[in-house]
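Chain by chain, the residues:
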Amino acid sequence: MSSVALPEPHAEPGTGKLGMWVFLASEVLFFGGLFLAYLYGRTHWPLGWAAASRHTDVVLGTVNTALLLTSSAVIALAVACEEDERQRRWTARLLALTAALGSAFLAIKGVEYHAEWREHLFPGPSFALDTPGAQEFFALYFVMTGLHGVHMIVGIAALAILAHGRRHERDWARADHIEIAALYWHFVDIVWIFLYPLLYLVQRHG
Amino acid sequence: MADARPAPAFARTARAIGIAWFALVVLMLASLGSAWLKLGAFNVVAGLVIAAIKAAIVAWLFMRLREAGPLIRLVAVIGVGVWFILIGLSGVDYETRALTPAALQRPQQLLPVQAAPQPR
């Protein structure tokens, strides 16, 4: 049987891009454990989950969701600009804008945390709500949003450095590195896309 | 970083990104509105289905799974697939295990669960 070289529909991806995808797959499992804990709590203490969720700030949560969705679109545009020589002058600005939107997200999250701390919604002896499960909800709320926030800080730092490097036309701030950073940023956005209905929108009616 | 397919024209890509962003914001508002409807168990279903559509838009268009080769698509599917398997296996364990309070839990926190019939 003679061997025939089959046409390859897709070239092999670069190691950096593939490495980021493998890392993101491991991140799915990293956050996945917390989502399992959430599933357990919500099915065992539905009333506590609903009561606690009504104490989250849905307006700020929605504004933050819009900010992150917008930041994802902006960084996708930055990657597209980098690939087109005529648009390349926009790349650094769009990366900086993405980092700024991420920073605004964290600032709003800080305002939320501050209000929740004042309202005794941080788990502990003086926790404000009596409904069973409410405290577990807020424990998960702080762990999940906190872990997401740590990922945001890493992403903002990476994007700010890339924006600076791209602006000064450094070799390391090249298209494939920008695309890899964008993949990470989009993943952080996807995590928030699921956190938003699960934490802020459990049961707003009633 | 070689992609076999040529990159689409910038204007077309930018328009697709704009449309995707608009769809994401509309879906976010739909998710927000659905939380005020009395749908019972379907409240969470609606929230998660909308979130899944939003995540698919981000992954397919922004993360370029649409243009990716089989290797990257496989990695993406394995990441989510393994998570579903682990959720299923862990769920079997948690659903068939009797609850006992941990030292840090206040007794009243377990009452609603203990009132329910325990698995044999």
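All of these numbers come straight from a predicted model, not from anything done at the bench.

Conventions used here
- One numbering rule holds for all chains: residues counted from 1, following each sequence as written.
- Lettering for chains starts from A, numbering for ligands starts from 1, and both go in the order in which the items are written.
- Whole-chain, interface and lining totals are the exception, using all residues; otherwise, since this is a predicted model, local features are given only for residues with pLDDT of at least 70 and side-chain atom pairs are given and counted only at 80 or more.
- Side-chain numbers here rest on the full set of heavy atoms in the structure, without hydrogens or water.
- In DSSP terms, a helix is any run of H or I states spanning at least four residues, a strand is any run of E spanning at least two, and both are numbered starting from the N terminus.
- Whether a residue is buried, partly exposed or exposed follows from its accessible area with a 1.4 Å probe, protein chains only, as a fraction of its type maximum: under 20%, in between, or over 50%, in that order.
- Residues are treated as being in contact if the distance between any of their heavy atoms lies within 4.5 Å.
- Here the accessible surface of atoms and residues is derived via Shrake-Rupley with a 1.4 Å probe, and residues count as covered only by protein chains that are part of the display.
- Once two parts are brought into contact, the accessible area they lose, counted with a 1.4 Å probe and summed over both, makes up the buried area.
- Each reported salt bridge corresponds to a side-chain nitrogen of Lys or Arg within 4 Å of a carboxyl oxygen of Asp or Glu.
- The nonpolar class holds Ala, Val, Leu, Ile, Met, Phe, Trp, Tyr, Cys and Pro. Asp, Glu, Lys and Arg form the charged class, and all remaining residues, Gly among them, are polar.
- Residues enter patches when they are more than 30% accessible in relative terms and free of salt bridges; like-charged ones are connected within 9 Å and nonpolar ones (Val, Leu, Ile, Met, Phe, Trp, Tyr) within 5 Å.

### A short note on the overall build of chain B
Looking only at helices and strands, one finds 4 helices and 0 strands in chain B. For chain B, the sequential pattern of α-helices and β-strands runs α-α-α-α. When burial is assessed residue by residue, chain B has 31% of its 120 residues classed as buried. Restricting the contact set of chain B to residue pairs at least 6 apart, pairs at least 24 apart contribute 44%. Carbon and sulfur atoms provide 73% of the accessible area of chain B, an area that totals close to 7,600 Å².

### Comments concerning the interface of chain B and chain A
The parts lose accessible area when they come together, and the size of an interface is often stated as this lost area. Tallying the contact residues gives 60 residues for chain B and 60 residues for chain A. Buried area between chain B and chain A, summed over both chains or domains, comes out near 5,100 Å², and the portion from carbon and sulfur atoms is 74%. Taken together, the connections running from chain B to chain A amount to 2 salt bridges. A salt bridge links Glu179(A) to Arg64(B), with the nearest nitrogen and oxygen atoms 4.0 Å apart. Looking at the side of chain B that touches chain A, the elements that each hand over two or more residues are helix 1 (10-34), helix 2 (42-62), helix 3 (70-96) and helix 4 (111-115) of chain B. Sorting elements by how many residues they give to the side of chain B that touches chain A places helix 3 of chain B first, with 14 residues. Its residues assigned to classes, the side of chain B that touches chain A comprises 42 nonpolar, 10 polar and 8 charged.

### Concerning the environment of Ala160(A)
Residues and elements named next belong to chain A. In this fold, Ala160 is placed in helix 5 (residues 134-167). For Ala160, a relative accessible area of 39% gives the class partly exposed. Residues Ala160 and Phe187, 27 residues apart in the sequence, show an inter-C-alpha distance of 18 Å.

### Some details on a nonpolar patch on the surface
Together, Leu29(A), Leu74(B), Ile78(B), Val82(B), Ile85(B), Leu86(B) and Leu89(B) give the surface a local cluster of nonpolar side chains, amounting to about 610 Å² of exposed area. Ranked by residue count, the leading element in the nonpolar patch is helix 3 of chain B, at 6 residues. Summarising the element assignment, Leu29(A) is placed in helix 1 (residues 15-44). By relative accessible area, which is 33% here, Leu29(A) ends up partly exposed.

### Regarding the side chain of Ser31(B)
Examined against the element boundaries, Ser31(B) turns out to sit in helix 1. The contact partners of Ser31(B), leaving out residues within four places of it in the chain, are Tyr196(A), Pro197(A), Leu201(A), Gly47(B) and Ile50(B).

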